[in-house]
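# Examination of the molecular architecture
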Amino acid sequence: MSMISDELVVSEDPLHPANLICSLCTKFYEKDWCLGTGGGISIRDQETNRYYIAPSGVQKELMKPTDLFVVNGYHYDPDHEDTLFIRKPDGLKPSDCTPLFLTCFKELGVSAVIHTHSSNAVMASLLYDDFFEISHIEQVKALPSHKIDPETGKHINLLFQDTLRIPVIENQNFEYELTDDLINICRKYPHTCAVIVRRHGIFVWGPSIQKAKIYNESIDYLLGLAIQMKEMGIDTVKK
Ligand SMILES: CSCCC(=O)C(=O)COP(=O)(O)O
Ligand SMILES: [Zn+2]
């Protein structure tokens, strides 16, 4: 198979993963979440079980579907990166976050991961130690809890009085050096839908890109609110 076959990424369907990654990155740029090449999105095509990954070091808001890498599984091996990709655009290298995206897919079975350099995430990482926590704010109801609805078998969302807890891990010089901490978080807190990386940003995931987007927007709003609450001396978890 050609490593630059366009049929994996060219589609008229705006919901095709390759189109969604590009259109959402443009939207996220407008919200200052992926400025100056930072951040990115990876999506699993639920029909083909292929993973779509952005190139590294490019302006994410200007990406075209043909710039995207495609992976046929999630077994990342840095020594055999060449065998991982079934589509590899010439002159580009895959996102440095590739091992992190694939960790989320493999450990959690999710279908989309959003990574941003949101200033709310970075600022909150300076205000909280091991976990960001907030309760009694209506928007927490947009986020999943660890509880399962016995009828649908799906996770039910948090209630108004519940506490949203997001683990915080320390940043490293290189993205791949975050992998072990991310694996530990996935195993210890399999129901979390995000991890904050101190002084860096946030990774948010979900069972679909639509859900991951809702979670990312809601978390960012709550992070922003929490920063303001802290400034005013208000606890973000109501006793
Ligand atoms: C200024 S961006 C530094 C790398 C990073 O944190 C990031 O999210 C983007 O990495 P990529 O390799 O996807 O460009
Ligand atoms: Zn980053």
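Structure: see above.
Here the structure is a predicted model, which is why all the values come from computation and not from measurement. (Residues numbered from 1 in each chain as written. Chains lettered and ligands numbered in written order. Predicted model: local features only at pLDDT ≥ 70, side-chain atom pairs only at ≥ 80, totals over all residues. Heavy atoms only, no water.)

## Looking at the side chain of Lys-60
Structurally, Lys-60 can be placed in the loop between β2 (50–53) and β3 (69–71). A distance of 3.1 Å separates the side chain of Lys-60 from the backbone oxygen of Gly-39, its partner in a polar contact. Leaving out residues up to four positions away in the same chain, Lys-60 has contacts with Cys-25, Cys-34, Thr-37, Gly-38, Gly-39, Ala-54 and Pro-55. (Helix = DSSP H or I, 4+ residues; strand = E, 2+ residues; numbered from the N terminus. Polar contact = N/O pair within 3.5 Å; in protein donor to acceptor, adjacent residues only side chain to side chain. Contact = heavy atoms within 4.5 Å.)

## Examining the nonpolar core
Core analysis: the biggest nonpolar cluster contains 46 residues, and Phe-132, Ile-134, Leu-164, Phe-203, Trp-205 and Ile-219 have the highest contact counts within it. Broken down by element, the residue count for this core peaks at 6 residues, all from helix α6 (residues 209–231). Excluding anything up to four places from it in sequence, Ile-219 contacts Leu-143, Ile-166, Cys-193, Ala-194, Ile-202 and Val-204. Formed by 24 residues, the second largest nonpolar core is a distinct cluster that contains Val-9, Leu-24, Val-70 and Ala-112. (Core = buried A, V, L, I, M, F, W, Y, C linked by side-chain atoms within 4.5 Å. Buried < 20%, exposed > 50% of the residue type's maximum accessible area, 1.4 Å probe, protein only.)

## Some thoughts on the site of ligand 1
What surrounds ligand 1 is a group of 14 residues, the closest being Ser-56, Gly-57, Ser-95, Asp-96 and Glu-175. Within the backbone of Asp-96, an N or O atom sits 2.8 Å from an oxygen atom of ligand 1. Between His-115 and ligand 1, the recorded distance is 3.1 Å, taken from a side-chain N or O atom to an oxygen atom. Considering ligand 1 on its own, with 400 Å² of exposed area, one finds that the protein chains cover 78% of that surface. Taken together, the residues of the shell around ligand 1 sort by class into 1 nonpolar, 10 polar and 3 charged. (Near = heavy atom within 4 Å. Areas by Shrake-Rupley, 256 points an atom, 1.4 Å probe, with all protein chains shown as cover. Nonpolar A, V, L, I, M, F, W, Y, C, P; charged D, E, K, R; others polar.)

## Some thoughts on the pattern of salt bridges
A full pass over the atoms with the stated rule returns 8 salt bridges. Across the pair Glu-138 and Lys-141 runs a salt bridge, and its minimum N-O distance is 2.7 Å. Assessed through its relative accessible area of 36%, Lys-141 is described here as partly exposed. (Salt bridge = Lys/Arg side-chain N within 4 Å of Asp/Glu carboxyl O.)

## So, the pairing of strand β5 (residues 112–116)
For β5, a buried count of 5 out of 5 residues is recorded, marking the element as mostly surrounded by other parts of the structure. Burial along β5 is two-sided: Ala-112, Ile-114 and Thr-116 facing one way and Val-113 and His-115 facing the other are all buried. Taken together, the 4 bridges between strand β1 (residues 40–45) and β5 define a ladder with antiparallel strand orientation. Within β5, the position partnered with Ile-43 by the bridge is Ala-112. (Pairing = 2+ DSSP bridges.)

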